[in-house]
Amino acid sequence: MSLRKLIRGHIAKRGTGSRHAPAAEAASAREERHDVVIVGSGIGGAITACRLAEAGIGSVVLERGRHWPLDPKGGTFPHFPSMDRRLIWLDDDSTPFPPLRDAPWSALFTAVEAALPRSTGLLDVVTEEPAVIVCGAGVGGGTLVYGAVLAQPPEPAFRAVFPALDHDRFDQVHYPRARDWLDAAPFPADLLDEAPYAAHALFDRAARATGLPVETIRSAFDFDAVRDELRGTRPRAATVGQYHFTGCDSGARASVDRTCLARARATGLTSVRALHRVTSLEQDRPGGYRVLAEHLAEDGTVVDRVVFRCGRLVLAAGVHTPRLLLAARRDGGLPHLHPSVGEGWGANGDHLAVVHTSGLPADTVQGGPSATMVHDATGTVGLMHSPLAAPLNAGGMVLLGMGTADRFGRWTTGPDGRVRLDCDARYEAGARARAEDLMREVTGLLPDAGLTPVNPSRPVVTHATGGVRLGTVTDWHGRLRGHPGLYCLDGALLPGTTGGVNPALTIAAVVDHCLDGIIDDFRDQRLP
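In this report, the structure presented in the accompanying data block is examined. As the structure is a prediction and not an experimental result, all values here were calculated from the model. Position labels on residues start from 1 in each chain and follow its written sequence. Owing to the predicted nature of the model, reporting of local features is limited to residues with pLDDT of at least 70; listing and counting of side-chain atom pairs is limited to 80 or more, with chain, interface and lining totals taken over all residues. Derived side-chain values reflect all non-hydrogen atoms in the structure, with water molecules and hydrogen atoms excluded from consideration.

### Considerations on the environment of Asp35
The secondary structure listing takes helices from DSSP runs of H or I that are at least 4 residues long and strands from runs of E that are at least 2 residues long, numbered from the N terminus. Residue position: Asp35 is located in strand 1 (residues 30–39). Each residue is placed in one exposure class: buried if its accessible area under a 1.4 Å probe, protein chains only, is under 20% of its type's maximum, exposed if it is over 50%, and partly exposed if it falls in between. Assessed through its relative accessible area of 39%, Asp35 is described here as partly exposed. Sequence-wise, Asp35 and Ser59 are 24 residues apart; in three dimensions their C-alpha atoms are separated by 6.8 Å.

### Some details on the packing of aromatic side chains
Geometry of aromatic contacts follows a simple scheme: Phe, Tyr and Trp rings, the Trp one being its six-membered ring, pair when their centres are within 6.5 Å, and the pair is stacked under 30 degrees between planes, edge-to-face over 60, tilted otherwise. For the coordinates displayed, the defined rule picks out 11 aromatic pairs. With a centroid separation of 5.5 Å and 25° between ring planes, the pair formed by Trp68 and Phe77 is classed as stacked. By the burial criterion, Trp68 is buried, and Phe77 matches it. Taking the centre distance of 6.1 Å and the plane angle of 65° together, the rings of Phe170 and Tyr175 count as edge-to-face. Neither residue differs from the other here; Phe170 and Tyr175 are each classed as buried. One aromatic cluster is present, built from ring pairs that chain together Phe187, Tyr197, Phe221, Phe223 and Tyr243.

### Let's talk about the sheet that holds strand 22 (residues 460–461)
One open sheet accounts for 5 strands, arranged 4-3-5-6-22; its pairing is mixed. Either end of the sheet is taken by a strand with one partner, and the two such strands are strand 4 (119–120) and strand 22. Pairing between strands is defined by DSSP: at least two bridges between them are needed. Alignment of strand 3 (residues 88–90) against strand 4, held across 2 bridges, turns out to be antiparallel. Among the inter-strand pairings, Trp89 is bridged to a residue of strand 4, identified as Thr120.

### Looking at the pairing of strand 6 (residues 132–136)
Of all 5 residues that make up strand 6, 5 are buried, and the element is covered over most of its length. Taking every second residue as pointing to the same face, both faces of strand 6 are buried, with Val132, Val134 and Gly136 on one and Ile133 and Cys135 on the other. Relative to strand 22, strand 6 is paired through 2 bridges, and the arrangement is parallel. When the sheet's bridge partners are listed, Val132 is paired in strand 22 with Val460.

### What to know about the side chain of Asp249
Among the structural elements, Asp249 can be located in the loop between helix 8 (223–231) and helix 9 (260–266). Charged residues are defined narrowly, with Lys and Arg counted positive, Asp and Glu counted negative, and His plus the chain ends left uncounted. For this document, the term salt bridge refers to a Lys or Arg side-chain nitrogen within 4 Å of an Asp or Glu carboxyl oxygen. Of the buried charged residues, Asp249 lacks a salt bridge, with Arg86 as the closest side chain of opposite charge at 7.0 Å. Polar contact is the term for a pair of N or O atoms within 3.5 Å; when the atoms are in protein, one must be able to donate a hydrogen and the other to accept it, and sequence-neighboring residues count only if both atoms are side-chain atoms. From its side chain, Asp249 meets the backbone nitrogen of Thr76 in a polar contact 3.0 Å long. At 3.1 Å, the side chain of Asp249 forms a polar contact with the backbone nitrogen of Phe77. Asp249 has contacts with Leu70, Asp71, Gly74, Gly75, Thr76, Phe77, Pro235 and Ala237, leaving out every residue within four places of it along the chain. Here, residues are in contact when the closest pair of their heavy atoms is within 4.5 Å.

Shown next, in the form of structure tokens:
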């Protein structure tokens, strides 16, 4: 095949990036009818499915990735980093290659990308000009690969980020529920005495010595399983850093496919369709919605296409939610969306740095999860040690700071019809500077410490939120304005930041808040 033909063929089949022909694809698809369809099986989709099931309401959950059932002997998940084909998701829409515009590199990268075999791997990498966005692909969504830190933003940060929401109700109701949904547990102090947690102990002592507010991190981990790893009765995964950016072979991390989504499925009211990649959304007549999905084989080939017709549609696809909405508006499927859909996207003010200190030998194994978080005096910047497996830790401690950007980006539709990210790394420069100030305050208390900030020209984003802003694109409970019966219940509702902490717990709390206000919508099975 010539380079020109390869490029043309690749461009013609790009996913939400360019124009679809949903009507032509739908004409050859089989059809199913359901009361409720949920797109995405991560935190938002799993909690929604569980709450609906507990209310006696059935749903079908569509997940683009595969099931990852745990093998007690290990080997379920690919190592990170590795060349294991199961690691990276590759399709016509998600790719690790940047959208280069300059010849000859753009043509070369496009050709190589098109020639790569499709793969339904665990890590979904969306590379845009301003950033590389990494999320999970599989039943359980991002909880299959995240660090599982479940931190609640301090009150000043919450009030600054969510001025219209009731902090006291979130503090007393929604955050406690969210911790229950995600099986949160505090990091046990005794683990700090174990060899894989020497870096954690070092960071903990320095953080507490600052006199700033410090908390023991709650995370979605079974620490008895972590102790089993240390005893050798479970495969070693978390204790050797093989849990970040990949699955946790020991089962120590409580991903939602094994918690609230499993509870929903146990009722018999929730069906999960793995390897169903949604390609288009549109209004149905006389009401409701049509969701076109490709049913994939594990090698990424399309087995068949299915049109799911439903009375109510919940979007919980995380990073992909605003992209799906913009593509649907572009193609005429959802013409009445609020004009600001796509806006308010951010990277959570994240900033990485590596610390080398004489208190930590370069070859020290660093287990997970994280143990301690320290906040600055304003309560709007958070910092933690984020243990990574070698060689990613560069022989030191990786620190992750989080804050609030000065400006936010947006997903938009370009002149060529491609849905693209419009953002500038400078938007988060203030947040990074504030995080770095806190880093220097903590690392100044480590022995012989040197701090090296990580400032790539195209940052890797693991905490992407925003694009379907709560109270603007939706009402205050996640109903999409202009389209009755259509909901957003995931991290896209957040305004590009969580106020100095990891977003997972706040996503769960916001979804729980939304469901309190809309659960009765789903009990009315008449079309909206």
